[in-house]
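Fold and contact review
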Amino acid sequence: LLSLLTKALSDQYGPLLLFMDDIQWADPSSIELICSLMENSLCNESIEETPAAMNHGSNILFVGCYRSYAVAESNPLTAFIRQIKDCDTITLDEINLDGLSKDVINAFISDSLFYPKRLTRSLATLVHQKSAGNPLFAKEFLNSLATENLLTYSLSKHKWQYDEDIIKMKTVSTEVAV
């Protein structure tokens with residue numbers, strides 16, 4: 001039924017974009033659902049190579065995001081990606097995003113704290129190490145430092161204070177960074 005709906009929407013209203021995030025957590029049933037939505041585009045030996053058949057399903061763009069480090073060989077997503085790579089009728093473009101650089105994390109922290117970059121460099125190095133450059137993780141780690149009073153602003157000294165040694169010892173959840 002969902003496959004018919006996506007076909008009707010993509011034919012009647014133009015291209016259809018399906019976006020799914022965190023598909024590394026998809027169970028086999030969810031992967032099957034994605035497959036069924038793309039079934040007319042996937043390598044299907046029974047589809048005749050007529051112009052109508054070759055254009056069938058081409059109005060659907062599927063964008064799936066996942067954390068590559070969280071996908072083991074046994075994950076159903078791995079087999080699904082392999083199936084798409086082996087298919088001649090689907091174009092697979094993979095875009096790998098690296099973490100932000102130390103300089104970008106430093107600019108982020110400097111902007112967040114309204115403090116000069118030269119004075120946030122050592123904190124940025126620590127946050128970069130703990131977050132692996134992931135912007136969400138860097139933000140959450142910085143928030144946790146402030147929440148736990150490991151990063152405080154001294155009104156009398158007019159400066160941010162933190163203890164590098166304590167921050168170095170702070171553990172980061174495995175769900176937060178690599």
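Preceding this paragraph is the structure being described.
Let me sum up the structure you'll find in this document. As the structure is a prediction and not an experimental result, all values here were calculated from the model.

The rules behind each value
Residues numbered from 1 in each chain as written. Predicted model: local features only at pLDDT ≥ 70, side-chain atom pairs only at ≥ 80, totals over all residues. Heavy atoms only, no water. Helix = DSSP H or I, 4+ residues; strand = E, 2+ residues; numbered from the N terminus. Polar contact = N/O pair within 3.5 Å; in protein donor to acceptor, adjacent residues only side chain to side chain. Contact = heavy atoms within 4.5 Å. Expected span 1.5 Å × (residues − 1).

1. Focus on the side chain of serine 144
- Relative to the elements of secondary structure, serine 144 occurs in helix H7 (residues 135–147).
- A polar side-chain atom of serine 144 sits 2.7 Å from the main-chain carbonyl oxygen of phenylalanine 141.

2. Some points on the environment of glycine 99
- Within the secondary structure, glycine 99 sits in the loop between helix H4 (76–85) and helix H5 (102–113).
- Along the backbone, glycine 99 and proline 135 are 36 residues apart, and their C-alpha atoms lie at a distance of 7.5 Å.
- With near-sequence residues (within four places) excluded, glycine 99 lies in contact with Ala132, Gly133 and Asn134.

3. With respect to H5
- Here H5 contains twelve residues, and its C-alpha end-to-end distance of 16 Å stays within 8% of the 16 Å for a straight helix at 1.5 Å per residue.
- Tucked into the core, H5 has its buried residues touching helix H6 (117–131), H7, strand S3 (151–154) and strand S4 (159–162).
- A positive backbone phi angle near 55 degrees is found at phenylalanine 114, which sits one or two residues after H5.

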